[in-house]
Amino acid sequence: MAASCPSVSTLVAAARCVFGRLFGEEAEVVACAPGRVNLIGEHTDYNQGFVLPMALPLVTVVVGKQTSGQNVTIVTTTEDADEPLRVDFSLSSDGSLSPGLPSWANYVKGVIHHYRAPPVPGFRAVIASSVPLGGGLSSSASLEVAFYTFLQQIKPDDADKVSKAVACQQAEHTHAGVPCGIMDQFVSVLGREHHALLIDCRSLKATPVPLADSDLVILITNSNVKHSLASSEYAVRRRQCEEAANILGKASLREATVKDLEAVRDRLDDTTYRRALHVIEEIERTVQAAEALKRGAYKEFGQLMMESHNSLRDLYEVSCRELDELVSTAMEVEGVFGSRMTGGGFGGCTVTLLLAHAIDRTILHLKERYSGTPTFYVTTPSEGARVLSLS
Ligand code: GAF
């Protein structure tokens, strides 16, 4: 009943086929990086807090080959009718590169620009992806990280995995114009099979939390809506959090307690107060949720997911009618522990934790009751970025 997701080998085969047809030669390097779903800890990463995402079996693959000279050709097989699917550009001798059109290529240009061993040589590459675009499952981070991993094969760097994630985050800031936190790139690089990652976004250290109970299922439901507010409101939220931290006299909201917040309440406008309250409580919830998951206390975990969703809806105001509808509809089914919006919000996906035997009736119920057309992914925690062999 769930959406069929092409396997990594199917994606690689398709990309290699396009490469051979366009360039009349064989690709020599294949890299792959996953999208992610965040179980809890939303809008906490850029506040130096905790997040609890896992890497997905949905991936972006890059196949290609180094060329002589400084020319780059990249082709994406991912449909976007508004923009050309091929881009050609020249590299500069110092490795710097400015953003331009088509906009999808800016993620790649940003990665080249921030690559830790500049300048990179010329290359040809083809991209294929199973991560839904703009669905809140980090299609952009998976593209950045897959590309960085590809570049590491044609010109090795000595960056550790965390620096690699940071370089990809910088690419998104400077070349895609999104002031994102570190969560998506971090888990795309460091994701572990059968585990969620509790990431401390202040120390950039992660603790793997086992998540491989055969009685349990993680269901992602794509609302298939994306409201245009998403990117502008993200930057607004970030600014509001920084303003609150400033008034609190703290380096970030990670350093603040609810008591601290109450003490300065009369100096904050109501909106800024509610944004900060969400972040401070969500950081605490995320730590509690990771503990609950370790103990197999799924009911407790589900309760924390619900509190997270309600807070994102009421205090942080990044949910939307469709996501609220999917969450409340999922919660009507027996065997569902919890459900919440995941990612930046204003559309995209929900994540639902449920008993394995309840999966068919949950999907059926959502299909029948949701006012839009949902897509489902029954998913498991997967490994982070990797190089694949071409044999
Ligand atoms: C987006 C961002 F890219 C992440 O860094 C994170 O802030 C998330 O929204 C919200 O938790 O995915």
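Residues numbered from 1 in each chain as written. Predicted model: local features only at pLDDT ≥ 70, side-chain atom pairs only at ≥ 80, totals over all residues. Heavy atoms only, no water.

A. Just unusual backbone geometry, in detail. Here the amide bond leading from Leu101 into Pro102 is cis, since omega sits at -5 degrees, within 30 degrees of zero. With respect to the element layout, Pro102 can be found in the loop between strand 5 (86-90) and helix 2 (105-114). Residues Pro118 and Pro119 are joined by a peptide bond in cis, for which omega reads -10 degrees. When you line up the elements, Pro119 lands in the loop between helix 2 and strand 6 (123-129). For Leu204, which is not glycine, the phi dihedral falls at a positive 60 degrees. By the secondary structure assignment, Leu204 is in the loop between strand 7 (195-200) and strand 8 (205-210). In the Ramachandran plot, Phe346 falls in the positive-phi region, its phi being about 60 degrees despite a non-glycine side chain. Relative to the elements of secondary structure, Phe346 occurs in the loop between strand 10 (336-342) and strand 11 (347-355). (Helix = DSSP H or I, 4+ residues; strand = E, 2+ residues; numbered from the N terminus.)

B. Representation of the UniProt feature "domain: Galactokinase N-terminal" (unreviewed entry) in the protein in the model. The sites that carry the UniProt feature "domain: Galactokinase N-terminal" (unreviewed entry) are, in the present numbering, residues 19-64. Along residues 19-64 one finds 11% helix and 52% strand; the C-alpha atoms at either end are 7 Å apart. (UniProt positions renumbered as here; feature names shortened; annotations may be inferred.)

C. View of the confidence of the model for the protein. Per-residue pLDDT for the protein averages 95, and the proportion of residues at 70 or more is 98%. The secondary structure element of the protein with the lowest average pLDDT is helix 6 (residues 229-248), at 93, and the one with the highest is strand 2 (residues 50-51), at 99. For this predicted complex, the interface confidence score (ipTM) comes to 0.99, while the overall pTM stands at 0.97. (pLDDT = per-residue confidence, 0-100.)

D. Spotlight on the packing of aromatic side chains. According to the stated counting rule, one finds seven aromatic pairs in the structure shown. Relative to Phe147, the ring of Phe123 has its centre 5.8 Å away and its plane inclined at 45 degrees; by these criteria the two rings are tilted. Of this pair, Phe123 sits in strand 6 while Phe147 is found in helix 3 (residues 139-154), placing the two residues 24 residues apart along the sequence. Judged by relative accessible area, Phe123 falls into the buried class, the value being 0%. In textbook terms, an aromatic cluster arises when at least three aromatic residues are bridged by ring pairs, as seen for Phe123, Phe147 and Phe150. Geometry around Phe89 places Lys109 over its ring, the cationic atom sitting 5.0 Å from the centre. (Phe/Tyr/Trp six-rings, centres within 6.5 Å; stacked < 30°, edge-to-face > 60°. Buried < 20%, exposed > 50% of the residue type's maximum accessible area, 1.4 Å probe, protein only. Lys NZ or Arg CZ within 6 Å of the ring centre and 35° of its normal.)

E. A look at the side chain of Ser142. Structurally, Ser142 is set in helix 3. Under the relative-accessibility criterion, Ser142 is labelled buried at 0%. For Ser142, the side chain forms a polar contact with the main-chain oxygen of Ser139, separated by 3.0 Å. Beyond its immediate sequence surroundings of up to four residues, Ser142 is in contact with Ala33, Pro34, Gly35, Thr60, Val131 and Ser188. (Polar contact = N/O pair within 3.5 Å; in protein donor to acceptor, adjacent residues only side chain to side chain. Contact = heavy atoms within 4.5 Å.)

F. Molecular detail of helix 3. The terminal C-alpha atoms of helix 3 lie 23 Å apart, and with 16 residues this matches the ideal 22 Å at 1.5 Å per residue to within 8%. Helix 3 sits mainly inside the fold: 15 of its 16 residues count as buried. (Expected span 1.5 Å × (residues − 1).)

G. Region of the structure containing the sheet that holds strand 9 (residues 216-226). Pairing in this open sheet of four strands is antiparallel, and the strands run 10-11-9-12 from one edge to the other. Of all the strands in the sheet, the pair left with one neighbour each is strand 10 and strand 12 (375-379). Direction aside, neighbouring strands of the sheet carry axes that sit 20 degrees apart on average. The pairing of strand 10 with strand 11 spans six bridges and is classified as antiparallel. In the strand pairing of strand 11, Val336 is matched with Leu354. Running over the sheet, helix 10 (residues 321-330) touches strand 9, strand 10 and strand 11 and is turned about 10 degrees from strand 11. (Pairing = 2+ DSSP bridges. Axes fitted to C-alpha atoms, helices over the stretch in contact; angles between N-to-C directions.)

H. Spotlight on the site of the ligand. As a matter of local geometry, the ligand sits amid Arg36, Glu42, His43, Asp45, Tyr46, Cys180, Gly181, Met183, Asp184, Tyr234, Gly343 and Gly344. Contacts to the ligand include Arg36, whose side-chain N or O atom sits 3.0 Å from an oxygen atom. Taking Glu42, its side chain carries an N or O atom lying 2.6 Å from an oxygen atom of the ligand. The residue inventory of the shell around the ligand, partitioned by class, reads four nonpolar, four polar and four charged. (Near = heavy atom within 4 Å. Nonpolar A, V, L, I, M, F, W, Y, C, P; charged D, E, K, R; others polar.)

I. Spatial organisation of the packing of helix 2 against helix 3. One can describe the packing of helix 2 onto helix 3 by two numbers: an axis separation of 9 Å at closest approach and a directional angle of 45 degrees. By the angle between their directions, the pair helix 2 and helix 3 is classed as oblique. The handedness of the crossing between helix 2 and helix 3 comes out as right-handed. Where helix 2 abuts helix 3, its residues Tyr107, Val108, Val111 and Ile112 lie against Ser140, Leu143, Glu144, Phe147, Tyr148 and Leu151. Among the residues forming the contact of helix 2 with helix 3, the class breakdown is eight nonpolar, one polar and one charged. (Parallel < 35°, antiparallel > 145°, perpendicular 65-115°, else oblique. Left-handed = near helix turned anticlockwise from the far one by under 90°.)

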